[in-house]
Amino acid sequence: MKVYYSDVEQPYHPRRSFFCGRFTAYPDVPGRTRSILAALEGHPAAFQPERPAPVEPALLERVHGRGYLEALAAVCARLKPDEEFFPFHQQRLPLLLESPYPRLRAGYYAVDGSMPLLAQSYAVASAVAATAVAGAQALRAGTGLAYALPRPPGHHAGRQSYGGYCLINHAALAAELLTDAGKVAILDVDYHHGNGTQDIFWERDDVLYASLHCRPEEAYPYIAGTAEEAGGGRGAGCNLNVPLGGGTDWAAYAPALETALEAVARFDPATVVVSLGFDTLATDPIGTFALVPADFAEMARRIAALGKPLLIVQEGGYDVPALGACALSFFGGLGVLPPSEDTA
Ligand code: SP5
Ligand code: ZN
């Protein structure tokens with residue numbers, strides 16, 4: 001299996017997050033991708049890491065507004081090397097867009113104030129989108145399975161909004177490119193609801209978004225993810241949210257996964273994009289679910305049973321030392337590891 005990654009992201013390390021009135025250490029650290037890649041490198045016959053070439057910046061406009069991309073690029077270009085800019089003043093006031101100050105324009109697009117922008121934020125987030133583009137191209141070329149490992153992650157980034165450590169929605173970009181060859185289902189198993197992905201495809205009937213996540217009453221992004229949100233316009237019925245409560249273990253997770261997988265099977269897509277988060281792990285410092293690494297193997301076996309070409313796109317997961325084992329478990333469940341090396 002091809003593993004698309006980018007070392008452009010390794011030096012990218014915001015120090016602080018701001019949440020509920022206090023600063024905390026930023027959870028999306030460079031060690032996340034290193035933990036996963038190191039585990040996969042132990043199985044060179046199964047995983048072939050590859051650094052894809054950069055993509056045309058205009059490609060990002062298939063999932064994000066040009067004004068949004070330009071505003072982010074402009075504010076990042078003006079930040080000092082070690083500056084972390086928090087859009088504290090963020091409010092969706094159209095007047096902000098008239099401002100000559102790039103910080104105010106960028107603040108308009110923020111959906112939470114917990115994530116800082118750094119001078120490199122836009123360049124890194126857009127560069128690592130190449131991993132998802134390469135994955136989509138591999139599926140278009142007939143590959144049945146590929147893995148994109150972007151950092152920062154993407155599923156909280158909407159067409160014109162950023163937050164939750166996400167600026168560019170990599171899974172959405174891959175799904176959008178794959179719609180050129182038929183319907184696409186996005187199965188989002190990150191602990192958090194992918195409000196950005198839901199936003200991007202809300203009115204689309206050629207993309208199903210199905211998400212299992214902690215319910216918005218108790219978890220980020222708080223503003224989306226209820227079961228009532230089913231899509232709008234032509235897309236009505238093409239959005240499925242399965243909110244779960246804190247403490248969810250595999251016994252409670254498995255039937256919810258079946259519900260989502262049945263919806264995907266009924267939709268009968270040409271390809272499936274999986275937004276994969278390991279923040280459902282019991283030991284995750286942010287999540288409140290109770291999955292164990294072996295559960296990711298069973299999750300993967302059930303996803304594989306769809307019998308569809310799969311592009312796996314990494315989202316969250318913050319128990320850094322555990323991420324490698326989670327990835328080996330998941331890909332073992334997909335049948336990537338020979339039985340003798342199967343860790344699950
Ligand atoms: C991609 C992704 O997983 N983004 C997650 C964004 C979550 N941001 C809010 C974090 C709230 C932290 N709450 C700390 C609770 C500690 N038990
Ligand atoms: Zn998450």
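For the structure, see preceding data.
A few points on the structure. (Residues numbered from 1 in each chain as written. Chains lettered and ligands numbered in written order. Predicted model: local features only at pLDDT ≥ 70, side-chain atom pairs only at ≥ 80, totals over all residues. Heavy atoms only, no water.)

**Quick word on the overall build of the protein**
Piece 1. The helix and strand inventory of the protein stands at nine helices and ten strands.
Piece 2. Relative to its length of 344 residues, the protein is compact, with a C-alpha radius of gyration of 19 Å against a globular reference of 20 Å.
Piece 3. When the 344 residues of the protein are sorted by exposure, 59% land in the buried category.
Piece 4. Contacts in the protein between residues at least 24 apart in sequence constitute 77% of all its contacts with a sequence separation of at least 6.
Piece 5. Counting every atom, the protein has about 13,100 Å² of accessible surface; 55% of that belongs to carbon and sulfur.
Piece 6. The average position of the 25 basic charges and that of the 37 acidic charges among the side chains of the protein differ by 5 Å. (Helix = DSSP H or I, 4+ residues; strand = E, 2+ residues; numbered from the N terminus. Rg over C-alpha atoms; globule rule 2.2 N^0.38 Å. Buried < 20%, exposed > 50% of the residue type's maximum accessible area, 1.4 Å probe, protein only. Contact = heavy atoms within 4.5 Å. Areas by Shrake-Rupley, 256 points an atom, 1.4 Å probe, with all protein chains shown as cover. Lys, Arg positive; Asp, Glu negative; His and termini not counted. Charge placed at Lys NZ, Arg CZ, Asp CG, Glu CD.)

**Focus on the pattern of salt bridges**
For side chains of opposite charge, pairing can occur when their charged atoms come near one another.
Piece 1. Applying the stated criterion to the full structure yields 19 salt bridges.
Piece 2. Close ionic contact of Glu61 with Arg66 constitutes a salt bridge, the shortest N to O distance being 3.2 Å.
Piece 3. For Arg302, the salt bridge identified is with Glu258, shortest N-O distance 3.1 Å. On the criterion of sequence distance, the pair formed by Arg302 in helix α8 (residues 293-304) and Glu258 in helix α7 (residues 250-267) is long-range, its members being 44 residues apart.
Piece 4. By relative accessible area, Arg302 is classed as partly exposed at 25%.
Piece 5. A single network of salt bridges, built from pairs that share partners, joins Arg62, Glu176, Asp180, Arg204 and Asp206. (Salt bridge = Lys/Arg side-chain N within 4 Å of Asp/Glu carboxyl O.)

**Description of the coordination of the zinc ion (ligand 2)**
Piece 1. The coordination sphere of the zinc ion (ligand 2), as far as protein atoms go, consists of Asp190 (OD), His192 (ND1) and Asp279 (OD), spread over 2.0 to 2.1 Å.
Piece 2. Coordination geometry of the zinc ion (ligand 2): the four donor atoms subtend angles of 100 to 139 degrees at the metal centre, consistent with an arrangement described as irregular.
Piece 3. Positions of the donor residues of the zinc ion (ligand 2), expressed as sequence spacing, correspond to D-x1-H-x86-D.
Piece 4. The exposure class of His192 is buried, given its relative accessible area of 6%. (Donors = N, O, S within 2.8 Å, 3.2 Å for Na, K, Ca; no water. Tetrahedral: all angles 85-135°; square planar, octahedral: opposite > 155°, others 65-115°.)

**Brief notes about the nonpolar core**
Piece 1. Counting residues in each nonpolar core, the largest one holds 57 residues, and the members touching the most others are Phe47, Tyr253, Met299, Ile312, Phe330 and Phe331.
Piece 2. What Ile312 contacts, discounting residues up to four positions off in sequence, is Leu145, Ala146, Tyr147, Ala148, Val274, Leu276, Phe330, Phe331 and Leu334. (Core = buried A, V, L, I, M, F, W, Y, C linked by side-chain atoms within 4.5 Å.)

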